[in-house]
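Okay, here's what each chain looks like letter by letter:
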Amino acid sequence: MIPLNTENKLHVYNCRYYGLDAYHRQKMEKQMKRGIKKVLQKERTIFNDEEQRRQELLQEREKAKDQQVEALKYAMQSGMAQAMKEQALLREEMSLQYKLGNFEAAAAIQRKLDPDAAM
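Residues numbered from 1 in each chain as written. Predicted model: local features only at pLDDT ≥ 70, side-chain atom pairs only at ≥ 80, totals over all residues. Heavy atoms only, no water.

Caption draft 1: Focus on the overall build of the protein chain. Scanning the protein chain for helices and strands turns up 4 helices and 0 strands. Helices and strands in the protein chain line up, N terminus first, as α-α-α-α. Within the span of the protein chain, comprising 119 residues, buried residues form 4% of the whole. (Helix = DSSP H or I, 4+ residues; strand = E, 2+ residues; numbered from the N terminus. Buried < 20%, exposed > 50% of the residue type's maximum accessible area, 1.4 Å probe, protein only.)

The following block contains the structure:
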C-alpha cells in the first residue's frame, strides 16, 4: 500500500484518463439529463457514404410517416369533435321540437341520431 502523503501522484487512478469511452459516455448521459439537446456525435471511423445516405433517407421517410400519422390523428380528432358538436346541436333541436309538440320533426332527428338505424 502506498502512503497517501507521497508527492508522487502517478499511482492515483483516474477513470477520465484510462477509460475514455466510459468517460465520454458518462459525460454525454450527464448532458442529456441536464437537457442539453446538442450532444456531440461520435467521430466516424468508417467512411461508407452510401450506407450513411441510405440511413439518412430511411430516417427522413420515418419522420415523414410520423408527421402523416400525427396529421391524420389531428384530422380525425377535429372531425370527431365536429361530429360530436353536431350531435349535441341535434339533441338540443330534438328536445326543443318535443317541447313545442312537433313530434314528427323530433322523431326525424332521433332517426338521424340513432347509429343502429338502417339508412
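Caption draft 2: Inspection of the packing of aromatic side chains at higher detail. Taken as a whole, this structure holds 1 aromatic pair when the rule is applied. Here the aromatic rings of Y98 and F103 are separated by 5.8 Å at their centres, their planes lie at 55°, and the arrangement is tilted. When its relative accessible area of 41% is taken as the criterion, Y98 is described as partly exposed. Classification of F103 by relative accessible area gives exposed; the value is 53%. (Phe/Tyr/Trp six-rings, centres within 6.5 Å; stacked < 30°, edge-to-face > 60°.)

Caption draft 3: Structural context of a nonpolar patch on the surface. Among the surface-exposed residues, L72, M76 and M80 lie close enough to one another that they form a single nonpolar patch of about 330 Å² accessible area. Topologically, M76 is positioned in helix α3 (residues 49–100). M76 sits in the partly exposed class, given a relative accessible area of 49%. (Patch = residues over 30% accessible without salt bridge, like charges linked within 9 Å, V, L, I, M, F, W, Y side chains within 5 Å. Areas by Shrake-Rupley, 256 points an atom, 1.4 Å probe, with all protein chains shown as cover. Salt bridge = Lys/Arg side-chain N within 4 Å of Asp/Glu carboxyl O.)

Caption draft 4: Examining the pattern of salt bridges more closely. If you walk through the whole model with that rule in mind, you get 3 salt bridges. The partner of E51 in a salt bridge is R54, and the shortest N-O contact between them spans 2.5 Å. Remark: R54 and E51 occur in helix α3; sequence separation between them is 3 residues, near one turn of the helix. For R54, a relative accessible area of 42% puts it in the partly exposed group.

Caption draft 5: How the structure looks around the environment of A107. Positionally, A107 belongs in helix α4 (residues 103–113). The exposure class of A107 is partly exposed, given its relative accessible area of 28%. In this structure the C-alpha to C-alpha distance between A107 and Q97, which are 10 residues apart in sequence, comes to 9.2 Å.

Caption draft 6: Just the side chain of Q97, in detail. Inspection of the secondary structure puts Q97 in helix α3. Beyond its immediate stretch of four places on either side in the chain, Q97 contacts N102, A105, A106 and I109. (Contact = heavy atoms within 4.5 Å.)

Caption draft 7: Molecular detail of the packing of α3 against α4. Between α3 and α4, whose axes approach to 8 Å, the crossing angle comes to 155°. By the angle between their axes, α3 is roughly antiparallel relative to α4. The two elements α3 and α4 meet at a crossing, and its hand is left-handed. Between α3 and α4, the residues in contact are Q87, L90, R91, E93, M94, Q97 and Y98 and F103, A105, A106, I109, Q110 and L113, respectively. Of the residues contributing to the contact of α3 with α4, the split by class is 8 nonpolar, 3 polar and 2 charged. (Axes fitted to C-alpha atoms, helices over the stretch in contact; angles between N-to-C directions. Parallel < 35°, antiparallel > 145°, perpendicular 65-115°, else oblique. Left-handed = near helix turned anticlockwise from the far one by under 90°. Nonpolar A, V, L, I, M, F, W, Y, C, P; charged D, E, K, R; others polar.)

Caption draft 8: Local environment of α4. Turning to α4, its buried residues are A106, I109 and L113. Summarising the axial view, the buried residues of α4 lie within an arc of 60°, below the 170-degree limit, and thus occupy one face. Along α4, exposed side chains directed more than 90 degrees from the buried face belong to E104 and R111. (Arc of directions from axis to C-beta.)

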